[in-house]
Amino acid sequence: MRNFIAILRGRLFILKCRCFKKNIQIGKGLRIYKKLSLTGSGKISIGENCIIDGTKGDSSQHVCIGTLWPEAIVHIGNNAKLYSSRILAKFEVIIGDDLLMQEAGIMDTDFHSIDRDRNKPADENKDNCQVKIGTNVCIGARSFITKGVNIGDNVIIIPGSIVTMSIKAGGRVGGNPAKILNPVP
Amino acid sequence: MEHTFINILKRCIIDPAYLLNRLAPFLRGTFCIIYYRTFKRNVKIGFPFMVGAKIRIIGPGKVYIGKRCAVLENVFKGLTIVTFSKDSTVIIGNKCALGGITIRCHSKIILGDRVMTAVSLIQDAFFTDLDKDIKRPIRSFAYEAKPVYIGNNVWLGADSLVLGGSVVSNDCVVGAGSVCFNVEFKEYSLIIGNPACKSLPIDKLLRLKGVL
């Protein structure tokens, strides 16, 4: 029964985006179990057969995807599963297929500079701050991915880690700042 | 002055504002005990139980909470316990002060007596809520759930995470923002860092403080 309502809700959401918001493209087979909010005027495209849900027992968090400029791009691949996570893009956030993300945040920019006046940071371009994530990546609870990070395929990110540098494919990463962990016997 | 029943009675007679302050959470707690005893048989809470914030206990697993526990009033979120299968058990000891703690259990989570918590998270496996996910062989170890044991008189600092396989012994202090993962810690030590590999013994810290 719950699946049926989620499929219906997904189809209504796709219809609404096709009529009113031309900058959003969503593939078929979307299932929405909890509120999804897409803000901003940049391009957002979500792949096929995605699932959007919240965490059990926590009714205050839902999925938020937003863009800050009309030139920003957010692209999510097929079969993604987002559980109450937040994605914010100023330049580009490109994510591959088979994502599993729980209660985490991806942010493309620093928003403010370290100087006393707290204006916008000076050095940010699309090349510096792009976030690229490969296929089959798992992101654990309460973790954070900052600007300019390039994550390879088949990576597992432990809950509570803060990722600031790029990660090669096929590893397990944890800590603040995130480093590769020793293999567990 | 000790926190015994006779002293509380004396103070209630002298100061009526104190009585009202203590009566509302007490009544709310007894209402919670009766509610869970009639409608959800897998949750057993000891008497008396003081509740100042929201409580959410969800799932088919077994939950045992000891006597004289309290969920304090000045906290952002209340207590949240989520169990994912019938075999999962959560056991909390007596006289605990449970602030906005979130517990997500697949196999076993055991807390001792007199545990003091702030906004923290205790989690069994790396990823929860996985009933909609297809198990892929590459991700197989991420689904393993290892039990978590926390001893008596432990203080869990704000925004800390205790993940599966960790053993926090008696009298330990987990610092704010630290993440414990698959390590066993000695008694009476201070646990800091993300990830937290080492622990500092508190005897030596106190002795150094006296010298400096």
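Above this text you will find the structure in question.
Calculation criteria
- Residues numbered from 1 in each chain as written.
- Chains lettered and ligands numbered in written order.
- Predicted model: local features only at pLDDT ≥ 70, side-chain atom pairs only at ≥ 80, totals over all residues.
- Heavy atoms only, no water.
- Core = buried A, V, L, I, M, F, W, Y, C linked by side-chain atoms within 4.5 Å.
- Buried < 20%, exposed > 50% of the residue type's maximum accessible area, 1.4 Å probe, protein only.
- Contact = heavy atoms within 4.5 Å.
- Helix = DSSP H or I, 4+ residues; strand = E, 2+ residues; numbered from the N terminus.
- Expected span 1.5 Å × (residues − 1).
- Patch = residues over 30% accessible without salt bridge, like charges linked within 9 Å, V, L, I, M, F, W, Y side chains within 5 Å.
- Areas by Shrake-Rupley, 256 points an atom, 1.4 Å probe, with all protein chains shown as cover.
- Salt bridge = Lys/Arg side-chain N within 4 Å of Asp/Glu carboxyl O.
- Pairing = 2+ DSSP bridges.
- Phe/Tyr/Trp six-rings, centres within 6.5 Å; stacked < 30°, edge-to-face > 60°.
- Buried area = accessible area lost by both parts, 1.4 Å probe.
- Polar contact = N/O pair within 3.5 Å; in protein donor to acceptor, adjacent residues only side chain to side chain.
- Nonpolar A, V, L, I, M, F, W, Y, C, P; charged D, E, K, R; others polar.
- Axes fitted to C-alpha atoms, helices over the stretch in contact; angles between N-to-C directions.
- Parallel < 35°, antiparallel > 145°, perpendicular 65-115°, else oblique.

Caption draft 1: Structural detail: the nonpolar core. Counting 40 residues, the largest nonpolar core has Ile65, Ile87, Ile106, Ile145 and Ile151 of chain A as the members making the most contacts within it. Ile65 of chain A has contacts with Ser37, Leu38, Thr39, Ile44, Ile46, Val74, Ile76, Leu82 and Ile87 of chain A, leaving out every residue within four places of it along the chain. In this structure, Cys32, Ala53, Ile55 and Val63 of chain B belong to the second largest nonpolar core, which totals 39 residues.

Caption draft 2: Here's a closer look at helix H2 (residues 16–39) of chain B. Its 24 residues place the ends of H2 of chain B 35 Å apart at the C-alpha level, agreeing with the 34 Å of an ideal helix rising 1.5 Å per residue. The elements touched by buried residues of H2 of chain B are helix H1 (5–14), strand S1 (43–45), strand S2 (49–51) and strand S3 (55–58) of chain B.

Caption draft 3: Inspection of a nonpolar patch on the surface at higher detail. A cluster of nonpolar side chains, contributed by Met1, Phe4, Ile5 and Leu8 of chain A, occupies part of the molecular surface with about 480 Å² of accessible area. Residue position: Phe4 of chain A is located in helix H1 (residues 2–20).

Caption draft 4: Here's a closer look at the sheet that holds strand S12 (residues 121–123) of chain B. Residues and elements named next belong to chain B. The six strands are arranged S3-S6-S9-S12-S15-S18 in an open sheet whose pairing can be described as parallel. The open sheet has two free edges, formed respectively by S3 and strand S18 (179–180), since each of these has just one partner strand. Inspection of the sheet shows S3 paired to strand S6 (residues 79–83) by four bridges, in the parallel sense. Looking at S6, one finds that Ile55 is bridged to Leu79.

Caption draft 5: Examining the packing of aromatic side chains more closely. Residues and elements named next belong to chain B. Under the defined criterion, the tally for this structure stands at five aromatic pairs over all chains. Residues Phe26 and Phe47 carry aromatic rings whose centres are separated by 5.9 Å and whose planes lie at 65° to one another, so their mutual orientation is edge-to-face. Of this pair, Phe26 sits in helix H2 while Phe47 sits in the loop between S1 and S2, and the two are 21 residues apart along the sequence. For Phe26, a relative accessible area of 29% corresponds to the partly exposed category.

Caption draft 6: Representation of the interface of chain A and chain B within the structure. Facing 36 residues of chain A, the contacting portion of chain B comprises 30 residues. Approximately 2,800 Å² of surface area, both sides summed, lies buried where chain A meets chain B, with 56% of it carried by carbon and sulfur atoms. On the chain A side of the contact with chain B, Lys56, Arg142 and Pro159 of chain A bury the most area, a combined 22% of that side's loss. At the boundary of chain A with chain B, the tally comes to one salt bridge. On the surface where chain A and chain B come into contact, there are four residue pairs in polar contact (both at pLDDT 80 or more). Every element with two or more residues in the side of chain A that touches chain B is listed here: strand S5 (51–53), strand S8 (81–83), strand S11 (100–102), strand S14 (138–139), strand S17 (156–157) and strand S19 (172–174) of chain A. Its residues placed into classes, the side of chain A that touches chain B shows 15 nonpolar, twelve polar and nine charged.

Caption draft 7: Inspection of the sheet that holds strand S1 (residues 24–26) of chain A at higher detail. Residue and element names in this part refer to chain A. The six strands are arranged S1-S4-S7-S10-S13-S16 in an open sheet whose pairing can be described as parallel. Every interior strand has two partners, whereas the edge strands, S1 and strand S16 (150–151), have only one. As paired strands, strand S4 (residues 43–46) and strand S7 (residues 73–76) are joined by four bridges and run parallel to one another. Bridge pairing in S7 places Lys43 opposite Ile73.

Caption draft 8: A look at the packing of H1 of chain B against H2 of chain B. All names here are of chain B. One can describe the packing of H1 onto H2 by two numbers: an axis separation of 5 Å at closest approach and a directional angle of 120°. When the axes of H1 and H2 are compared, the pair comes out oblique. Facing Ile8, Arg11, Cys12 and Ile14 of H1, the residues of H2 in contact are Pro16, Tyr18 and Leu19. Its residues placed into classes, the contact of H1 with H2 shows six nonpolar, no polar and one charged.

Caption draft 9: Representation of unusual backbone geometry. For the bond from Asn176 of chain A to Pro177 of chain A, the omega torsion is 0°, close enough to zero to count as cis. Its place among the elements puts Pro177 of chain A in the loop between S19 and strand S20 (179–180). Following Phe47 of chain B, the chain continues to Pro48 of chain B via a peptide bond in cis, the omega torsion being -5°. Here Pro48 of chain B is to be found in the loop between S1 and S2. The phi dihedral of Asn182 of chain B falls on the positive side, at around 65°, and the residue is not glycine. When you line up the elements, Asn182 of chain B lands in the loop between S18 and strand S19 (189–191). Positive phi, close to 55°, is recorded for Tyr188 of chain B, a residue that is not glycine. Mapped onto the elements, Tyr188 of chain B comes out in the loop between S18 and S19. Judged by relative accessible area, Tyr188 of chain B falls into the partly exposed class, the value being 34%.

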